[in-house]
Structures are given as structure tokens and as C-alpha cells.
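Topology and contacts: notes
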Amino acid sequence: MADQSNPGPYQYTALSTERDEIRLVILRQGNFSDSVQCDIKTASLSDVPQYTALSYTWGDPTKTAPISLEGHIFKATINLKDALLHLRYPSEDRTFWIDAICINQGDLDERSKQVLRMRDIYHKASSVVVWLGTSDPQTEKAMELIKTLGRIVLDAEELLYQGLKVEYREPFMEEFEENDPLVLQAMNNIFCRTWWSRVWVVQELSLAKQPNAVVLCGRMLVQWTDVLVAAYAIEYCWGLMTKILEGFPEESLSAFQEGLRMTQCRQVRDTDPPFRLIELLAVHRDCNATDPRDHIYGFLGLSGDAVELGIVPDYRKTVEYIFQDFVRCYVTATGSLDVITACQTPRNLTNLPSWVPDWSKERQTSTLCLYERFHGGGYPSRNIERYYAAGDTRAEVRFSDDLDEISVKGFIFGRIAYIGTENTAALAFEDVDTFGLLDENGKSSIANRNNRMMKPPLRDLTNLSEEDEDEDLRIVDDSGTGEYAGTDDDTEMEDDDTEMDDDEEASDILIDVQRSEQQKTRVFSPMRLLSITEVAFRTCIEVCYAKRVAILDNGYIGLVPGHTAVGDVACILFGCSVPIMLRKNGNHYVMVGESYFHDVAEGELILDYEKHFESVEFSLR
């Protein structure tokens, strides 16, 4: 053990890049009430001894507690010191890799180099421990419940890869019904812990040896896969859980989706295709990072195209430059402009050009373009169809030297003539279960609230007057009247409903449920009506949030960002999978966002565009 006589701060010595060195922490044995004593040793990743990698969240960096490191003072965050106290053995030393200690955080060059080793560090670790924080009696009971749920499943890996099986539903429900609601709430609150929202934990647990990954909360230890199984069990028994926990805070009920999100990124089979960096950024956009540059650097070890993109971590560069350079690297390497579809407002970084996504800002609305593999459900889907607005064209771009401006080629296919109300009252997660049910007044209030549809105009809209708009294009308002644009009453709708009732196939769509005081009448099932799964229907509803229905001056109808305005132009940019909305600003354009237009998004206009549209070079800032 190191000499305890020097109380000064610990001073790092440089690591050897030639030997691919890393540092390891030796946590000395001791009782819980003893001071924390640690030592440092270096090792080569090519010949590294057994060690445990710690996955945790720093917590408030301004709140620290001293520990001993090689006899010197090291200021650990409160959460890290708590973890060390709970991880320490009373009669045996332990060896760990802990980022806050093993990387000299004050050396930007070292941080940049060690980021590239993170993949190997967590993959080569003999085990990975997740520290969720301290616990209370209810949390301890919840951890025991998680263990029990894990034991119900015969093959956790099969379940997490392929999805839940029907035979597990009943035993899951029995466990939930037998437990106190406070325990169920505590289990949901486990998924509310700040660890789940941290950028770095995604690759740390995705790259870990799954059988050797464990979760520690206080003194309770469970298998990592059991925690993920618990998340699936909550989703599978969602109706029962919401009934039991009625009246509890909503955030504690939906937090289990963090477990589903983490499940999607596990690469446990060699046959699994590698994740693209843009996929990871899109799916985990709501994660937090102490350093905003880590919103990109934190996923490099998990992405399969980091080398192809040519991204090398450099903490000496500004956040703005790193985000701008990522767009340049992506477009240059792939010939695709899909990365710009991630642009949303508002932003944290106000100095970014409009065509550069601000990855430090959480997702404002669901995207249309960047969910090729992650498209609802609990595990990656390999067969998601993508939009094809620009066909197989490649991006034609020029970047300015300072990366503040980009010139892209494409064509304008219309301008916004009319726009609907922004939809910021999207369905909640549990609303899907009640969609199609009649309320106490015999009406489907959810259906009325969200049924804001309009028929496309029958003629060109370019020169319509305001009177024409009021007469011929009555856009449905928020009153829930059910009126459609271009119709004077509901006769047409009623006739359609009558025909459906008389149709022999109507019995396959309408669900006859016995009316009682406990059970309402379901007049239709949207999932069966549309021949889609419940997950797909939830996705359809979610994607409309913060978007508006719009009509172009030539009659195209579509979905656009909520801040779109009349006069904005709808464009096909070569190399971009979805139409893009742009706004003229002096001698250049600014990015409004991605959009969807019927008879456009599938590539209908790109085939012979030269005959109908003029190619334009857009200067975006």
C-alpha cells in the first residue's frame, strides 16, 4: 500500500501510447466505515490483468469528497465515493477501471486518446458493474422482484433478442398482482435513476460480456439481463400496471422504456450488423453528457462506421466545430444528406448553422428519416423500409472552409400555401389502450381530438383569395366537429360508416365488447383497422407530435415541422431520403426541417424531375 504521509493532490504520470497503456485502480480492503484507500497501476490492453469496469454517473462535479489515491488526496464526486464504499470488500482488494480516476481529466490529449480505447476497456473487462446509487427498503424489495421476474424466463437472451412470449404473460402478471403497489412504483423508479440518461452507459453496457454484467443499487445486486427482462415484463403487463399504480406520478410509469432502449443496442451476436453512428445519435438523443462533445465521442466505440467517417476525438476543438465537422464527415463518406434531417428547434447552441443538428439538445419531436433499425418495439428490426424521396442520387455539396455554410443541389417542388394547427397534444402512451372506446357520453373523445384530417384541394392553390380559402378549404379546427375540408356536412362520412357496417368484413374490424359499469364499448380497433401492430400504431401517433398538416400551392399535402410558415419552400435535395423545408433569408436559405408529402416521399418526383423542375443550388447557413 502506498505511503499515507503526503496529503497533496495526486499527480498523474503520462501513459505510453506505444504500449497501449491504461490505468487501473486497486480498491484496498476495508470496512464500510473506513476511509477509502486506492492505488494506481498501469497495464497494457494487450496483456491486461482481470479487472471490473465501473459504469456510473458522476453526479454534481462541484460536490466532492476526498479519498486517498497513492497516499495523495483525490477529490471524488459524492456518487463515486458512495460506489467505492459499497463495492469494497472487507478482506480482499479489488481491481477496477473507473474513468474519473483512470483518465487524467485535466489532460485533453490523454482524454482524446483514451476515448478510442473505451470499446476495448469495457469489452475486455472480466465484469462490468452498474452503480445506480443508494437504496431504501422499498428499492431493496423492488430489486428482489426484478430477480424473481428474471427467474421466470428460461432464456433471457432469446427473449431480449426476439421479444416476449405469450407463456410469460400470466406469471409476470401474478408477480405484479402479489406485490405492494409501493414496490411496483419503486421498481419503476429504478428506471428513473440518472444513470439511464447518461451518454456513456450505452456503449459501456452494450460492449460488456452480458453474463458478467451486474447492477448494484445500495447493497442489492442483480443480473443486468434481469433488469432488462423486468422492463419487458412491465411493457407486456402495461394495462395491469397502470391500473395498480393509478394515481402515481406518470414519469414513474413510463421510465421502463429506458430499459427497452438499452436492449436495442446490445450486440451479442456476431451476425448482428454493426450500428451506424447516426443511428446511435438519433436513438439516444435524450441522453445527457457533462461535456457536450461526448454526445458524439460517447458512441464511437459502439459504431461500426467511425473509422469510415474519419472521426478522431479531439477535446481541444469546440463543440460547435465538432458538430459541424460531423456533418461534413458523414456527407463526404456516405454521399447522403440524411444527417441534416436531425435538425430541430429550439437549440442549446445558438451559433450553429441551421443545417447542423444540435446533439446536445434533447429530441423535440419524433423523426421521419433516421429510424431505419430502431422503429418501436424492444429490439432492433432489420427490415424497416426507409423513404426514398431523392431516389439513388448522391449529395452534391460544397462546404465553406469555416464550415459555416453549405451549398447543396436539388429542386423546389412547391411552397406552403396553407398550414394547420401545430399538434402538441399528442396521445400519451396509455391512450393507445383506450383509442376507439366510447366515453360515458357515447363518444370517442380521443378519436375526435386527433381526427384532424383534410382532403387535398381539387385545383391549383396559387392564386386563391382569402374568400376562396374560407369557402373551399375549411381546415378542421380544434372544436372536434369532424368536418372535412371541402365538405358541407357529415353526410359523406355517415354514408361511409353505413357501408362499412353492411360489409361482411366489418366483423373483422369492429370489436363487440359487452357494455358494463367496469368496461366501456370499443367501437373500433385502429390496429386491426389499419392492419398494424400496437407498437406501429403508437409510432404513427407519436410521429405527429409538434408537426403540422400543410398544403402546397400545387396541391400536395403533407406533414411539416411545427414552426413552418406560409411561403416556406418544399425541396428535394439530392442524397436526402425525405423532403426538406427551407426558408429564404436574403441571399441564402435556412433549414426549417424534414417533412413528409404524399406522392413525394417514395421517390415519385425524382425519376423525371428534369422535365418538370429546375435544378437549384441552395446556399444554407
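In this text, all values refer to a predicted model and were calculated from it rather than measured experimentally.

Calculation notes
Residues numbered from 1 in each chain as written. Predicted model: local features only at pLDDT ≥ 70, side-chain atom pairs only at ≥ 80, totals over all residues. Heavy atoms only, no water. Helix = DSSP H or I, 4+ residues; strand = E, 2+ residues; numbered from the N terminus. Areas by Shrake-Rupley, 256 points an atom, 1.4 Å probe, with all protein chains shown as cover. Phe/Tyr/Trp six-rings, centres within 6.5 Å; stacked < 30°, edge-to-face > 60°. Buried < 20%, exposed > 50% of the residue type's maximum accessible area, 1.4 Å probe, protein only. Core = buried A, V, L, I, M, F, W, Y, C linked by side-chain atoms within 4.5 Å. Contact = heavy atoms within 4.5 Å. Axes fitted to C-alpha atoms, helices over the stretch in contact; angles between N-to-C directions. Parallel < 35°, antiparallel > 145°, perpendicular 65-115°, else oblique. Left-handed = near helix turned anticlockwise from the far one by under 90°. Nonpolar A, V, L, I, M, F, W, Y, C, P; charged D, E, K, R; others polar. Salt bridge = Lys/Arg side-chain N within 4 Å of Asp/Glu carboxyl O. Pairing = 2+ DSSP bridges. Disulfide = S-S within 2.5 Å.

**Focus on the overall build of the protein chain**
- Secondary structure summary: the protein chain contains 24 helices and 18 strands in total.
- A total of about 29,300 Å² of accessible surface is found on the protein chain, and carbon and sulfur atoms cover 47% of it.

**Some remarks on the packing of aromatic side chains**
- For the coordinates displayed, the defined rule picks out 20 aromatic pairs.
- With a centroid separation of 6.3 Å and an interplanar angle of 45°, the aromatic rings of F326 and Y330 are classed as tilted. Taken together, the residues F326 and Y330, both in helix α17 (residues 319-334) and four residues apart, mark about one turn of the helix. In terms of burial, F326 and Y330 fall into one category: buried.

**So, the nonpolar core**
- Of all hydrophobic cores here, the largest spans 141 residues; its most connected members are W97, F176, M187 and F326.
- Broken down by element, the residue count for this core peaks at nine residues, all from helix α10 (residues 224-236).
- Those residues in contact with F326 that lie beyond four places of it in its chain are L277, I278, L281, I296, L309, I311, V339 and W359.
- In this structure, A389, A550, Y609 and F613 belong to the second largest nonpolar core, which totals 20 residues.

**Some points on the packing of α10 against helix α13 (residues 257-264)**
- Running from amino to carboxyl end, α10 crosses α13 at an angle of 125°, the nearest separation of the two axes being 8 Å. Comparing their axes, α13 and α10 come out oblique. In terms of crossing hand, the pair formed by α10 and α13 is left-handed. Facing W224, L228, A231, Y232 and E235 of α10, the residues of α13 in contact are G259, L260, M262 and T263.
- Looking at the contact of α10 with α13 residue by residue, the classes come out as six nonpolar, two polar and one charged.

**Some remarks on the pattern of salt bridges**
- The tally for this structure, following the rule as stated, stands at 19 salt bridges.
- R316 serves as the salt-bridge partner of D109, at 3.6 Å between the closest nitrogen and oxygen. Taken together, the positions of D109 in helix α3 (residues 108-115) and R316 in the loop between α16 (306-309) and α17 put the pair 207 residues apart, joining distant regions of the chain.
- Residue R261 pairs with E258 through a salt bridge whose shortest N-O separation is 2.5 Å. Linking R261 with E258, this pair stays in helix α13, spanning three residues, or about one helical turn.
- Taken together, the shared-partner salt bridges in this structure form one network comprising R28, D39 and D93.

**Brief notes about the pairing of strand β6 (residues 94-97)**
- Burial along β6 is two-sided: R94 and F96 and T95 and W97, pointing in opposite directions, are all buried.
- Across three bridges, strand β1 (residues 21-27) lies against β6 in antiparallel orientation. For V25, the partnering residue across the bridge sits in β6 and is F96.
- Pairing of strand β3 (residues 52-55) with β6 involves two bridges; the strand directions are parallel. Each residue of the ladder has a partner; that of T52, found in β6, is F96.

**What to know about the sheet that holds β1**
- Ordered in space as β5-β4-β2-β1-β6-β3-β7-β8-β9, the nine strands form an open sheet in which the pairing is mixed. The two strands at the open ends of the sheet, each matched to only one other strand, are β5 (72-77) and β9 (220-223). Here the average twist between neighbouring strands, direction ignored, is 40°.
- Where strand β2 (residues 37-44) meets strand β4 (residues 64-69), two bridges bridge the pair, whose relative direction is parallel. Note that in β4 the partner of C38 across the bridge is L69.
- Strand contacts of helix α1 (residues 78-87): β1, β3, β4, β5, β6, β7 (127-133) and β8 (213-217), with the helix running at about 105° to β5, the strand carrying the most contacts.

**Thoughts on the state of the cysteines**
- Using the criterion set out here, one finds zero disulfides in the structure.
- In this model C38 remains outside any disulfide bridge; the closest cysteine sulfur is found in C102, 9.5 Å from its own.
- Look at C38 and you get buried, because its relative accessible area is 2%.

**Examining the environment of Y609**
- Examined against the element boundaries, Y609 turns out to sit in helix α24 (residues 609-612).
- Considered as a pair, Y609 and I572 are 37 residues apart in the sequence and their alpha carbons are 9.9 Å apart.
- When neighbours within four sequence positions are excluded, Y609 is seen to be in contact with F411 and F574.

**Things to note about unusual backbone geometry**
- Residue P346 is reached from T345 by a cis peptide bond, and omega for that bond is 0°.
- Considering the arrangement of structural elements, one finds P346 in the loop between α17 and β10 (397-399).
- The phi dihedral of E70 falls on the positive side, at around 55°, and the residue is not glycine.
- Of note, E70 is situated in the loop between β4 and β5.
- With phi around 60°, A546 is a residue other than glycine that occupies positive phi space.
- Judged by relative accessible area, A546 falls into the buried class, the value being 14%.

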